[in-house]
Amino acid sequence: MENFIKNLPKAELHLHIEGTFEPELMFEIAKRNNIDIPYASVYELKKAYAFDCLQDFLDIYYQGAEVLLHERDFFDLTFAYLEKCAEQNVRHAEIMFDPQTHTERGVSFETVITGIHKACVVAEKEFGISTLLIMSYLRHLSEEDAFKTLEESLPFKKWITAVGLDSSEKGNPPSKFKRVFEASVAEGYIPLAHAGEEGDADYVWEALDLLHIVRIDHGNNSLQDESLVREIVKRDLALTVCPMSNLALKVVQDLREHPLKKMMSLGMKVTVNSDDPAYFGGQVNQNFMAIQRALDLSKEDLCELARNSFQYSLLDQKTKNSFLSEVENYCAA
Ligand code: ADE
Ligand code: ZN
């Protein structure tokens, strides 16, 4: 199974670039930027990666991002992730970035996106990997702040495909961002959002009905409401599920209790993703392996997950078809 997963062509659709920041690279960039990390070593830092909930993780994740200052830092961060994609036969990646995490600290939007974009261009040439960018609004900040970010993004619109909504879910419902999502869609961005990771099914309803999202990040708590499940199936919305993240943030207590297989049996379209691999202990292939083992998934299940990853990507249909035929060839062999 391990080899089957390793060589399976796949797309990663739920991934925060700041969450790919490996401790070794963090220390290297901190050193060259003359910034102190409040941990003595990579080992000490990794020991702090024990979380009881989403907020525990977010506190450390935002702290880690503070060493990123220059275009080169964002380039190195992104390129390191894309090298790992190439090793895992990730053929396409939809990369979320959190501009406000950086602009709040005085790093310009241009610095952030230029570094990320240039790494994508080089990786496309070197590894043949396809990428696109999702600009995520931080939901613990105000809608006004998100509007400011939307404004800042406009000169770089050609590099951005979609908008997302992440950070602390509880207490920050999708309704808080209704207007900025409307404005984002008017600018041509595709709407996506985290919903139902820690928030209840109501938040998923709001994301569907108020933000009109075309894909749901996580979506676990949709299962609380049967009529919501039916609606998600009817609207053909995929869920970007992140098994190791769910375990690390105690969304599930044991991977054997993970709802992924149940979601599939209910007709929901599921994909497997790493979310924040540097913090949760595994890249996308390790997520595939962990969930395969925990739920005893078959090769056919794995092929369906890989198929979904392209089918529910934001690529045009022709490009999707080309990747889908790679999956078909692989899965038929
Ligand atoms: N930002 C990075 N990872 C996240 C997650 N799992 N949920 C919400 N916001 C995030
Ligand atoms: Zn996420």
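Here's what I pulled together on the structure shown here. (Residues numbered from 1 in each chain as written. Chains lettered and ligands numbered in written order. Predicted model: local features only at pLDDT ≥ 70, side-chain atom pairs only at ≥ 80, totals over all residues. Heavy atoms only, no water.)

### Focus on the packing of aromatic side chains
- Evaluated as defined, the whole model comprises 17 aromatic pairs.
- Note on F75 and F79: the rings are 5.8 Å apart at their centroids and 10° apart in plane angle, and the pair reads as stacked. With F75 and F79 both in helix α5 (residues 71–87) and four residues apart, the pair spans about one turn of that helix.
- A relative accessible area of 23% means that F75 is categorised as partly exposed.
- One aromatic cluster is present, built from ring pairs that chain together Y49, F51, F57, Y61, Y62, Y279 and F280.
- Sitting above the plane of the W159 ring, K158 keeps its charged end 5.0 Å from the centroid. (Phe/Tyr/Trp six-rings, centres within 6.5 Å; stacked < 30°, edge-to-face > 60°. Helix = DSSP H or I, 4+ residues; strand = E, 2+ residues; numbered from the N terminus. Buried < 20%, exposed > 50% of the residue type's maximum accessible area, 1.4 Å probe, protein only. Lys NZ or Arg CZ within 6 Å of the ring centre and 35° of its normal.)

### Observations regarding the site of ligand 1
- Around ligand 1, a shell composed of H16, L54, F57, L58, Y61, D166, S167, H194, E197, H218, D275 and D276 is seen.
- Interatomic distance of 3.3 Å between a side-chain N/O atom of H16 and a nitrogen atom of ligand 1.
- Within the contact set of ligand 1, a nitrogen atom lies 2.7 Å away from a side-chain nitrogen or oxygen of E197. (Near = heavy atom within 4 Å. Polar contact = N/O pair within 3.5 Å; in protein donor to acceptor, adjacent residues only side chain to side chain.)

### A closer look at the environment of I60
- Position of I60 relative to the elements: it lies in helix α4 (residues 54–65).
- Distance in space between the C-alpha atoms of I60 and Y49 is 7.9 Å, their sequence separation being eleven residues.
- Once you skip the residues sitting within four places of it in the chain, I60 turns out to touch Y39, A48, Y49, F51 and Y279. (Contact = heavy atoms within 4.5 Å.)

### Quick word on the coordination of the zinc ion (ligand 2)
- Coordination of the zinc ion (ligand 2) by the protein involves H14 (NE2), H16 (NE2), H194 (NE2) and D275 (OD), with metal-donor separations of 2.0 to 2.3 Å.
- All donors of the zinc ion (ligand 2) belong to a single chain; written as a sequence motif, their spacing is H-x1-H-x177-H-x80-D. Of this pair, H194 sits in strand β6 (residues 193–195) while D275 sits in the loop between β9 (269–272) and α14 (277–280); the two residues are 81 residues apart in sequence, bridging distant segments of the chain.
- Judged by its relative accessible area of 5%, H194 is buried. (Donors = N, O, S within 2.8 Å, 3.2 Å for Na, K, Ca; no water.)

### As for the sheet that holds β6
- Across the sheet, four strands lie side by side as β6-β7-β8-β9; this open sheet has parallel pairing. Both outer strands of the open sheet, β6 and β9, are each paired with one neighbouring strand and no more. Averaged over all neighbouring strand pairs, the angle between strand axes comes to 35°, with direction disregarded. (Pairing = 2+ DSSP bridges. Axes fitted to C-alpha atoms, helices over the stretch in contact; angles between N-to-C directions.)

### Things to note about the pattern of salt bridges
- Going through the model one piece at a time under the given rule, you end up with 19 salt bridges.
- One salt bridge connects R72 with D76, and the closest N-O pair in it is separated by 3.9 Å. Here R72 pairs with D76, and both are found in helix α5, just four residues apart, close to one helical turn.
- For R235, the salt bridge goes to E231, with nearest N and O atoms at 2.8 Å.
- Of the residues examined, E231 reaches a relative accessible area of 16% and is grouped as buried. (Salt bridge = Lys/Arg side-chain N within 4 Å of Asp/Glu carboxyl O.)

### A few points about the state of the cysteines
- Inspection of every chain in the model, using the stated rule, returns one disulfide.
- A sulfur-sulfur separation of 2.0 Å characterises the disulfide bridge that pairs C303 with C331. On the sign convention where negative means left-handed, the S-S torsion of about -100° between C303 and C331 marks this disulfide as left-handed. A residue pair is termed long-range when its members are at least 10 positions apart, and C303 in helix α16 (residues 299–311) and C331 in helix α17 (residues 317–332) qualify at 28 residues.
- Left without a disulfide partner, C85 is nearest to the cysteine sulfur of C120, which lies 9.5 Å away.
- For C85, a relative accessible area of 0% puts it in the buried group. (Disulfide = S-S within 2.5 Å.)

### A word on the nonpolar core
- Ranked by internal contacts, the top residues of the largest apolar core, which has 103 residues, are F97, L260 and Y279.
- Beyond its immediate chain neighbours, meaning those up to four positions away, F97 contacts I17, E18, F109, V112, I113, I116, L133, I134, M135, S136 and I160.
- One finds M96, A162, L192 and L314 within the second-largest nonpolar core, a separate group that totals six residues. (Core = buried A, V, L, I, M, F, W, Y, C linked by side-chain atoms within 4.5 Å.)

### Here's the deal with helix α8 (residues 143–153)
- For α8, the set of buried residues is E143, A146, T149, L150 and S153. Burial along α8 is one-sided: seen end-on, the buried residues are contained in an arc of 110°. Counted as exposed and oriented over 90 degrees from the buried face of α8: E144, K148 and E151. (Arc of directions from axis to C-beta.)

### Concerning the environment of P174
- On the secondary structure map, P174 appears in the loop between β4 (162–166) and α9 (178–186).
- Considered as a pair, P174 and V229 are 55 residues apart in the sequence and their alpha carbons are 18 Å apart.
- Excluding residues within four positions of it along the chain, P174 makes contact with R139, L165, Y203, E206, A207 and L211.

### A few points about the sheet that holds strand β5 (residues 190–191)
- An order of β1-β2-β3-β4-β5 is seen for the five strands of this open sheet, with the pairing classed as parallel. Of all strands in the sheet, those with a lone pairing partner are β1 (10–12) and β5, marking the two edges.
- In the sheet, strand β2 (residues 90–97) pairs with strand β3 (residues 130–138) via six bridges, with the strands oriented parallel. Along β3, the bridge assignment pairs F97 with M135.
- Across the sheet, α5 is in contact with β1, β2 and β3; its angle to β2 comes to roughly 150°.
- Its contacts with the sheet place α16 against β1 and β2, and it is angled at close to 55° to β1.

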